[in-house]
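Single-letter residue listing:
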Amino acid sequence: MDEKTEELRDIFEEVTGEETVTETQEESPGTLAGGDDEEVAERLAAVVARMREKYTFDTDLTDAEYARLVRGYYEGEDDTDIAGALDVDRRDVVRARLDVHLVRDRDRDAPFELKRLRRLLNEDRGTSEIAEELEVSASTVRRYRRVVETETEIRSVSARYQADFEDVLTDAGISNVMTSDMKEDGLEDATEGAEAESDMSL
C-alpha cells in the first residue's frame, strides 16, 4: 500500500469509525461503467434477437454486432464510424441499420419522391418496370425499396423496437435522445406512405 492510499485509509477510518473498506468501495471507477456497458450491450442484443425472430436480416452480423451498431447510431456515429468499429463495409452497416428499423434522413434522399415508389410498389410493379418509370437504375430502385419497406415495418409496429432501444439507452443514461425527433421524422414519412396506400384503395 503506497503512502497516498494509507493517508486516504486513515481519513476514512477517522470519519467513519470503521477500519475496513468494503469490496464495492475498493472497486475502481471504471469497474461499474464496464459492467454497465456489458449490460447495455446484452439488453440491446436481446431486442435485436426479438427482431430477428420476426424479420429476415440482410447481413451476417451477430446480435452483439447489431447491438454495437444500435448504440453507435444513437450516440451520433455515422455509418463510416460504425463500419470501422465493426470492421465491415459501410454498405453492410446501412443494410444492418435498416434491418433494425434505424433510418437516417439521407436514406430518404432519393432522386424521386418516395411516395411515387410506394405507389408503384403497391401496384406490384417489377423492379425493371419501376426503374423505367422513375428513370433510374434498377439498383437505385432496390436501394430505396428497402427504405420504403423498412418504414412500412416501423409503422406496422408503431416504432416499438426503436422505443425499446431508446429505453435501454435512456435507462443507462447514455442516449443523446435526439431520438424523439428521429422517430417523429420516420413516422411522418411512413404515415405519408400509409396515406398513399389508402389513396390507392379508393
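Reference entry: report on the structure contained in this document.

Two elements in contact, helix H7 (residues 114-122) and helix H9 (residues 138-156), have axes whose closest approach is 10 Å; the angle formed by their N-to-C orientations is 85°. The angle between H7 and H9 falls in the class roughly perpendicular. On the side of H7, the interface is formed by Leu 114, Leu 117, Arg 118 and Leu 121, while H9 contributes Val 141, Tyr 144, Arg 145, Val 148 and Glu 151.

For the structure shown, the criterion picks out 20 salt bridges. Residue Arg 68 pairs with Glu 77 through a salt bridge whose shortest N-O separation is 3.1 Å. Glu 129 is the salt-bridge partner of Arg 125, the closest N and O atoms lying 3.5 Å from each other. Overall, the relative accessible area of 24% leaves Arg 125 in the partly exposed class. Residues participating in the shared-partner salt-bridge network are Asp 79, Arg 97, Arg 104 and Asp 107.

A few words on the packing of aromatic side chains. Inspection of every chain in the model, using the stated rule, returns four aromatic pairs. The interplanar angle of 90° and the centroid separation of 5.1 Å between the aromatic rings of Tyr 73 and Tyr 74 together place this pair among those described as edge-to-face. For the pair shown, Tyr 73 and Tyr 74 are each scored as buried. Sitting over the ring of Tyr 161, Arg 160 keeps its end group 4.6 Å from the ring centre.

With their axes 8 Å apart at the nearest point, helix H5 (residues 79-86) and helix H6 (residues 90-99) run at an angle of 105° to one another. If you check the angle between H5 and H6, you find them roughly perpendicular. Taken together, the residues of H6 that come into contact with H5 (itself represented by Asp 79, Thr 80, Ile 82 and Ala 83) are Arg 90, Val 93, Val 94 and Arg 97.

Below, the discussion takes up the nonpolar core. With 27 residues, the main nonpolar core has Leu 44, Leu 69, Val 100, Leu 102 and Phe 165 as its most contacted residues. Of all the secondary structure elements, the ones that give two or more residues to this core are helix H3 (29-54), helix H4 (63-74), H5, H6 and helix H10 (160-171). If we skip the residues at most four places from it in the chain, Val 100 touches Val 48, Met 51, Phe 57, Tyr 66, Leu 69, Val 70 and Phe 165.

Within the sequence span of H6, burial applies to Val 93, Val 94, Ala 96, Arg 97, Leu 98 and Asp 99. Looking at the residues trailing H6, positive phi occurs at His 101, about 65°.

Cut-off values and rules
Residues numbered from 1 in each chain as written. Predicted model: local features only at pLDDT ≥ 70, side-chain atom pairs only at ≥ 80, totals over all residues. Heavy atoms only, no water. Axes fitted to C-alpha atoms, helices over the stretch in contact; angles between N-to-C directions. Helix = DSSP H or I, 4+ residues; strand = E, 2+ residues; numbered from the N terminus. Parallel < 35°, antiparallel > 145°, perpendicular 65-115°, else oblique. Contact = heavy atoms within 4.5 Å. Salt bridge = Lys/Arg side-chain N within 4 Å of Asp/Glu carboxyl O. Buried < 20%, exposed > 50% of the residue type's maximum accessible area, 1.4 Å probe, protein only. Phe/Tyr/Trp six-rings, centres within 6.5 Å; stacked < 30°, edge-to-face > 60°. Lys NZ or Arg CZ within 6 Å of the ring centre and 35° of its normal. Core = buried A, V, L, I, M, F, W, Y, C linked by side-chain atoms within 4.5 Å.

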